[in-house]
Amino acid sequence: VTYDIALSQEAVWITSGGGGLRRLRYGSEEWELVTVDGQSFTALHNLNHRGFSVIYVKDALWVGTAGGISRASDEGLNWEAFAFHEDPGHISGNFVTALAAQKSPTIPDHFNIWAATWKANDPKEYYGLSVSENDGASWRIALSDSTELQPGEYLIDRYGPLHVHNIGFGGDSTVYAAADGALWFSQDLGHTWAPLD
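Residues numbered from 1 in each chain as written. Predicted model: local features only at pLDDT ≥ 70, side-chain atom pairs only at ≥ 80, totals over all residues. Heavy atoms only, no water.

Time to look at the nonpolar core. Formed by 21 residues in total, the largest nonpolar core has its most connected members in W114, L129, L162, V164, I167, W184 and W193. Every element with two or more residues in this core is listed here: β9 (95–103), β10 (111–118), β11 (128–132), β12 (140–144), α1 (155–159), β15 (164–170), β16 (174–179) and β17 (182–186). Residues I55, W62, I113 and W139 belong to the second largest nonpolar core, which totals 12 residues. (Core = buried A, V, L, I, M, F, W, Y, C linked by side-chain atoms within 4.5 Å. Buried < 20%, exposed > 50% of the residue type's maximum accessible area, 1.4 Å probe, protein only. Helix = DSSP H or I, 4+ residues; strand = E, 2+ residues; numbered from the N terminus.)

Spatially, 4 strands are ordered β15-β16-β17-β18 in an open sheet, and the strand pairing comes out antiparallel. Where the open sheet ends on each side, the last strands, each with one partner, are β15 and β18 (194–195). As paired elements, β15 and β16 share 6 bridges and run antiparallel to each other. Pairing of V164 across the sheet is with A179, part of β16. (Pairing = 2+ DSSP bridges.)

This part covers the environment of R25. Within the secondary structure, R25 sits in strand β3 (residues 21–25). R25 gets classed as partly exposed once you look at its relative accessible area, which sits at 32%. R25 sits 17 residues away from S8 along the chain, and the two C-alpha atoms are 9.4 Å apart. Sequence-distant contacts of R25, that is, excluding residues within four places in its chain, are made with E10, A11 and E32. (Contact = heavy atoms within 4.5 Å.)

Once that is clear, we can look at a nonpolar patch on the surface. On the surface, a cluster of nonpolar side chains totalling about 330 Å² of accessible area is made up of I5, L7 and Y26. If you trace the backbone, I5 turns up in strand β1 (residues 4–7). (Patch = residues over 30% accessible without salt bridge, like charges linked within 9 Å, V, L, I, M, F, W, Y side chains within 5 Å. Areas by Shrake-Rupley, 256 points an atom, 1.4 Å probe, with all protein chains shown as cover. Salt bridge = Lys/Arg side-chain N within 4 Å of Asp/Glu carboxyl O.)

Attention now moves to the side chain of S130. Within the secondary structure, S130 sits in strand β11. Owing to a relative accessible area of 0%, S130 belongs among the buried residues under this scheme. Within polar-contact distance, the side chain of S130 engages the side chain of T117 at 2.8 Å. If near-sequence neighbours (up to four positions away) are discounted, S130 is found in contact with I91, S92, I113, W114, A115, T117, W139, R140 and I141. (Polar contact = N/O pair within 3.5 Å; in protein donor to acceptor, adjacent residues only side chain to side chain.)

The following block contains the structure:
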């Protein structure tokens with residue numbers, strides 16, 4: 001199953017779950033298997049080899065796997081990895097089902113990177129929507145299972161785990177998150193949310 005596709009300067013990129021990340025260079029007829037960690041491909045034993053989402057933004061390729069997010073600025077030669085950690089500044093979960101780029105309303109020629117970050121293997125991971133405004137140097141959990149809808153009531157209580165499937169944008173600061181149970185809507189870059197259910 002091919003889940004996502006992106007076009008870079010030199011190639012077509014697809015993510016194919018257990019088939020991993022694959023590249024078709026322009027002018028070629030042969031797909032190449034690419035791993036984001038330089039290891040031999042083994043989707044069975046390496047969650048980082050299971051590809052689910054990919055975008056190409058401003059000379060950078062971003063790939064979401066079942067083991068986190070990876071970024072390359074050189075057509076997939078060298079990778080930087082972003083993964084869950086319980087300290088602030090990291091994504092909420094390593095299973096990354098969707099990626100999207102939003103033009104920054106405050107920084108010219110810059111993009112915010114949004115990721116649907118689901119719980120994977122670590123019991124401390126949780127379902128959320130993560131965003132980086134600095135090319136992955138740090139991440140903010142914009143929406144999560146524990147988002148408080150009203151005093152004492154959390155998102156997971158009413159809607160269950162936050163399974164975001166896709167992200168969209170409208171206007172400078174408007175963000176939409178398509179999820180099980182509701183379409184979530186924010187007008188302030190994901191600082192406050194309301195469900196459109």
